[in-house]
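# Tertiary structure, described
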Amino acid sequence: MVGMSADPVILRPVNEADLPLLARFLTDPEATGPFQWLGWSDPERWRREWEVNGLLSDEGGRLMVVTGTDRLGFVSWRRAVTSRSSYYWNIGAQLLPESRGRGIGTQAQRLLVRYLFAHTPVVRIEADTETENIAEQRALEKSGFSREGVLRSTVFRDGRWRDAVRYSVLREDVPTGLPDGGAA
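To start, this report covers the structure provided alongside it. All figures in this text were calculated on a predicted structure; none of them were measured in a lab.

About the cut-offs
Residues numbered from 1 in each chain as written. Predicted model: local features only at pLDDT ≥ 70, side-chain atom pairs only at ≥ 80, totals over all residues. Heavy atoms only, no water. Helix = DSSP H or I, 4+ residues; strand = E, 2+ residues; numbered from the N terminus. Buried < 20%, exposed > 50% of the residue type's maximum accessible area, 1.4 Å probe, protein only. Polar contact = N/O pair within 3.5 Å; in protein donor to acceptor, adjacent residues only side chain to side chain. Contact = heavy atoms within 4.5 Å. Core = buried A, V, L, I, M, F, W, Y, C linked by side-chain atoms within 4.5 Å. Phe/Tyr/Trp six-rings, centres within 6.5 Å; stacked < 30°, edge-to-face > 60°. Lys NZ or Arg CZ within 6 Å of the ring centre and 35° of its normal. Arc of directions from axis to C-beta. Axes fitted to C-alpha atoms, helices over the stretch in contact; angles between N-to-C directions. Parallel < 35°, antiparallel > 145°, perpendicular 65-115°, else oblique. Nonpolar A, V, L, I, M, F, W, Y, C, P; charged D, E, K, R; others polar.

## Quick word on the side chain of Asn 90
By the element assignment, Asn 90 lies in strand β5 (residues 86-95). The exposure class assigned to Asn 90 is buried, which follows from its relative accessible area of 9%. Within polar-contact distance, the side chain of Asn 90 engages the side chain of Asp 128 at 3.2 Å. Ignoring any residue separated from it by four or fewer positions in sequence, one finds Asn 90 in contact with Ser 76, Trp 77, Arg 78, Glu 126, Ala 127 and Asp 128.

See the structure below:
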């Protein structure tokens, strides 16, 4: 792709040097972009969690999206419980402005799906995005997700409630035997 590094996109655990970049997503509206800016948030939140568990737990986690030595953003997942014995993952991605529109989000989400299916027993992974976020909808579809429907008034942002589109991918939808893309 034009403008992309020759190095592959990989996922890796967050290290301490990454924490200032993550804090930008909590304090800088320009870094988050129009669909993720939900107001000012505690910039030390992720540092405190990182000190406890490295931003990786049984309930969810965050991995850095990198290419070579360039940190491009992060992917995340959280457990969504459906019954006493069942759960699935809800995932998301956040990239720095200069990394958007280059296919990196698509690659990162594809890697995260493969990683989660390879290392957890879930059968379903889902993602939500605002109905107006066409770029993210395309990225999810290119990552193998299927559109399931519209969720009305699920996100409060910029003074009003917003609708979201829900996507999912099932374990059976992802080819087996593929490497998990360097996700650590």
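Next comes the rest of the description.
## Points about the side chain of Gln 109
You can see Gln 109 is positioned in helix α4 (residues 104-119). Among the residues examined, Gln 109 registers a relative accessible area of 1% and is labelled buried. Other than its neighbours up to four places away in sequence, Gln 109 contacts Ile 91, Ala 93, Glu 136, Ala 139, Leu 140 and Ser 143.

## Some remarks on the nonpolar core
Val 65, Ile 91, Leu 112, Ile 125 and Phe 145 are the most contacted members of the largest nonpolar core, which has 27 residues in total. Looking at this core, the elements that each hand over two or more residues are β1 (9-13), β3 (60-67), β4 (70-83), β5, α4, β6 (124-130) and β8 (160-170). Looking at this core element by element, the count peaks at eight residues for α4. Excluding residues within four positions of it along the chain, Phe 145 makes contact with Ile 91, Val 113, Ile 125, Glu 126, Ala 127, Leu 140, Tyr 167, Ser 168 and Val 169.

## Points about the packing of aromatic side chains
Tallied over the full model, the rule gives six aromatic pairs. For the pair Trp 37 and Trp 40, a centre-to-centre distance of 4.8 Å together with 80° between the ring planes defines the contact as edge-to-face. Here the aromatic residues Phe 25, Trp 46 and Phe 74 are joined through ring pairs into a cluster of three or more. The ring of Tyr 87 carries Arg 79 above its face, with NZ or CZ at 3.8 Å from the centroid. Against the face of Tyr 88 rests Arg 124, its NZ or CZ located 5.3 Å from the ring centre.

## Focus on helix α5 (residues 134-142)
Residues lying three or four places apart along an α-helix face the same way, a consequence of the helix completing one turn every 3.6 residues. Taken residue by residue, α5 has Glu 136, Gln 137, Ala 139 and Leu 140 as its buried positions. Considered in projection along α5, the buried side chains sweep an arc of 160° and stay on one side of the axis. Of the exposed residues in α5, those oriented more than 90 degrees away from the buried face are Ala 135, Arg 138 and Lys 142.

## Remarks on the packing of helix α1 (residues 19-27) against helix α3 (residues 45-53)
How two helices sit against one another is set out by the angle between their axes and by the gap between those axes. Across the interface, α1 lies against α3 with an axial gap of 9 Å and an inter-helix angle of 140°. Comparing their axes, α3 and α1 come out oblique. Listed contacts from α3 to Leu 19, Leu 22, Phe 25 and Leu 26 of α1 are Arg 45, Trp 46, Arg 47 and Trp 50. Each residue belonging to the contact of α1 with α3 can be placed in one class, and the counts come to six nonpolar, no polar and two charged.

## Notes on unusual backbone geometry
A positive phi angle is found at Leu 55, which is not glycine, with a value near 65°. Here Leu 55 falls in the buried class, since its relative accessible area comes to 0%. At Asp 158, a position not held by glycine, the phi torsion is positive, near 55°. Along the polypeptide, Asp 158 turns up in the loop between β7 (146-157) and β8. Judged by its relative accessible area of 67%, Asp 158 falls in the exposed class.

Any link to function would need more than the numbers given here.
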